[in-house]
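Structural features, examined
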Amino acid sequence: MSVIDIDQIRRCVRCGACRAVCPSFEVLGWESFSTRGRMILIGKILDDVDGSWALDSLGTCTTCSLCSQMCPAGVSPSKVVEDARRVLASRKIAKAWQIELRDRISSTGNSLGETGRRHSWLSILGSDASPDVKADQVYFAGCMASYRYPETAARTFGILRRFGVSLLPSERCCGSPLLRTGLDASGCMEENLRQMNEMDVDVVITGCAGCYTTLKNDYGLKVMSVAEFLADRVSELEIGPLDFTVTYHDPCHLGRVNGIFDQPRRVIREICELEEMRCSRELARCCGGGGGVRAGYRDVSLEIARRRLADAPPEAKYIVTACPMCVRNLNEAGGHGRVIDLVDLVAMACRR
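Overview of the structure. Fair warning: this is a prediction, and the values are worked out from it, not measured in the lab.

Each helix and strand in the protein was counted, giving 18 helices and 8 strands. Its C-alpha atoms give the protein a radius of gyration of 20 Å, near enough to 20 Å, the size a compact globule of 352 residues would have. Counting every position in the protein, which comprises 352 residues, the buried fraction comes to 58%. Within the protein, counting contacts between residues at least 6 apart in sequence, those at least 24 apart form 73% of the total. For the protein, the exposed surface amounts to about 14600 Å²; the carbon and sulfur share of it is 48%. In the protein, the 45 positive side-chain charges and the 44 negative ones have mean positions that sit 4 Å from each other.

Counting residues in hydrophobic clusters, the biggest one holds 80 residues, and the most contacted among them are Trp121, Tyr139, Leu230, Val246, Ile268, Val320 and Leu345. Per-element accounting of this core gives the leading share, 6 residues, to helix H18 (residues 342-350). Once residues lying within four places of it in the same chain are set aside, the contact partners of Val320 are Val246, Thr247, Tyr248, His249, Ile268, Ile340, Asp341, Leu342 and Leu345. In terms of nonpolar packing, the next biggest core, distinct from the first, is built from 17 residues, Cys12, Ile45, Cys61 and Val75 among them.

Our focus in this paragraph is helix H7 (residues 96-108). Taking 1.5 Å per residue as the helical rise, H7 with its 13 residues ought to reach 18 Å, and the 18 Å between its terminal C-alpha atoms agrees with that figure. Trp97, Gln98, Leu101 and Ile105 are the residues of H7 that are buried. The arc that holds every buried residue of H7, seen down its axis, measures 105 degrees, which confines them to one face. Across H7 from its buried face, at more than 90 degrees, point the exposed residues Ala96, Ser106 and Ser107. For H7, the secondary structure elements touched by its buried residues are helix H4 (55-59), helix H10 (176-180), helix H11 (186-199) and helix H15 (293-296). At the exit of H7 stands Gly109, carrying a positive phi of roughly 80 degrees.

The next point concerns the sheet that holds strand E4 (residues 223-225). Spatial strand order, E2-E1-E3-E4: 4 strands in an open sheet with parallel pairing. Each edge of the sheet is formed by a strand with only one pairing partner; in this case those strands are strand E2 (166-167) and E4. Pairing of strand E3 (residues 203-206) with E4 involves 3 bridges; the strand directions are parallel. Looking at E4, one finds that Ile205 is bridged to Met224. Packing against the sheet, helix H12 (residues 209-217) makes contact with strand E1 (137-140), E3 and E4, and its axis sits at approximately 165 degrees to E4. In the packing of helix H13 (residues 226-233) onto the sheet, contacts are made with E1, E3 and E4, and the angle to E4 comes to roughly 75 degrees.

Taken together, the 4 strands give an open sheet; going across it, the order is E6-E5-E7-E8, and neighbouring strands pair in parallel fashion. Taken across any chain shown, the strands that pair with only one partner, and hence form the sheet edges, are strand E6 (273-274) and strand E8 (339-341).

Structurally, the position occupied by Val3 is in the segment before helix H1 (6-11). For Val3 and Ala84, which are 81 residues apart along the polypeptide, the C-alpha to C-alpha distance reads 7.8 Å. With residues near it in sequence (within four places) discarded, Val3 still touches Asp83 and Val87.

So, about the pairing of strand E7 (residues 318-321). Along a regular strand, successive side chains alternate from one face of the sheet to the other. Burial of the side chains of E7 extends over both faces: Tyr318 and Val320 are buried on one face and Ile319 and Thr321 on the other. When strand E5 (residues 245-248) meets E7, the two strands line up parallel, connected through 3 bridges. From the neighbouring strand, Val246 faces E7, where its bridge partner is Tyr318. Where E7 meets E8, 3 bridges bridge the pair, whose relative direction is parallel. Within E8, the position partnered with Thr321 by the bridge is Asp341. Crossover handedness for the path E7 to helix H17 (residues 324-335) to E8: right-handed.

A word on the environment of Ser32. Tracing the backbone through its elements, the reader meets Ser32 in the loop between helix H2 (23-28) and helix H3 (35-45). Judged by its relative accessible area of 30%, Ser32 is partly exposed. Through-space distance from the C-alpha of Ser32 to that of Tyr318 is 36 Å; in sequence the pair is 286 residues apart. Apart from residues lying up to four places away in sequence, Ser32 is in contact with Gly37, Arg38, Leu41 and Ser57.

To continue, consider the pattern of salt bridges. Should the charged atoms of two oppositely charged side chains come close, the side chains can pair. Taken as a whole, this structure holds 29 salt bridges when the rule is applied. The salt bridge involving Arg118 is made with Glu171; its shortest N-O contact spans 2.9 Å. Here the residue Arg118 occupies a position in the loop between H7 and E1, and Glu171 occupies one in the loop between E2 and H10, the gap between them amounting to 53 residues. The partner of Glu198 in a salt bridge is Arg194, and the shortest N-O contact between them spans 2.8 Å. Here Glu198 and its partner Arg194 are both found in helix H11, 4 residues apart, which amounts to about one turn of the helix. Glu198 gets classed as partly exposed once you look at its relative accessible area, which sits at 48%. Within the structure, one salt-bridge network assembled from shared partners comprises Glu26, Arg278, Arg285, Glu303, Arg306, Arg307, Arg308 and Asp311.

Calculation notes
Residues numbered from 1 in each chain as written. Predicted model: local features only at pLDDT ≥ 70, side-chain atom pairs only at ≥ 80, totals over all residues. Heavy atoms only, no water. Helix = DSSP H or I, 4+ residues; strand = E, 2+ residues; numbered from the N terminus. Rg over C-alpha atoms; globule rule 2.2 N^0.38 Å. Buried < 20%, exposed > 50% of the residue type's maximum accessible area, 1.4 Å probe, protein only. Contact = heavy atoms within 4.5 Å. Areas by Shrake-Rupley, 256 points an atom, 1.4 Å probe, with all protein chains shown as cover. Lys, Arg positive; Asp, Glu negative; His and termini not counted. Charge placed at Lys NZ, Arg CZ, Asp CG, Glu CD. Core = buried A, V, L, I, M, F, W, Y, C linked by side-chain atoms within 4.5 Å. Expected span 1.5 Å × (residues − 1). Arc of directions from axis to C-beta. Pairing = 2+ DSSP bridges. Axes fitted to C-alpha atoms, helices over the stretch in contact; angles between N-to-C directions. Right-handed = clockwise from strand over helix to strand, strands pointing away. Salt bridge = Lys/Arg side-chain N within 4 Å of Asp/Glu carboxyl O.

Structure follows, in structure tokens:
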């Protein structure tokens, strides 16, 4: 039985409002790579036992949900795209990069295929943080922070543990890359939940937008972003002012999907001047890294990121964000280290 919401497809009035905001359509230019085109193709998948002809169209959707934000009919195309990817995967129709992603996570527990210890960044703090103690709050670092931005992970936990936050003893990928691309994430989810239940965890804190939306909306947990945690405790952080201007990039799955807009800005304004990007908050453009697009269509992903970088005000010394995937994709697209995590900005202020 299909898991595609047929009502969503019927409600799409083909008005084309989504074409003006779809980041992959802006880059690729073909109707089949626009949100409207995808909705038409997905309708045909329901009657086609193959559907492999739709893989590239569906695979280039970043699931940024800007189309959902703009849709006058109240349709959620990103959700329909994810469902369609799941239908195709259930028919064993998938790209090689999807299979490789699934196998990496299955064999190593992370989306990057790294074989090293996930919490090796604890050594940066100079001591063992006893991650297996019971605690009602745990920091979920995520794959990208753990293996690509260990200093940011260490800085984050260095702050959080002051407030009694612990770690899972053996954190695994949250499953977001699998879920967003239509694949089975039950193994990851069950293992993470088992550890959380054993620790009697009440709140999970994460600095990754993908982890946030997955832990909250797919696991059904009580989740807090690092930005929210810092905003509630900014007066206790002993930070000093910095004499420069920054801008803030809203990660799609933290901002538009889950409504976390004010908290990171509150933290920034306690530290330095904030100048908004040309498109921000609900209308913020995607970094291009989500939805599996970076994994499967890297050139498209980086071109989307380059267009997002063009939205930054020239007077901003840094582009601050609250997601390691955004940091990575924007920097590799031309940010050249100018894109930093919110925690890294806090760390600068704490050193003063």
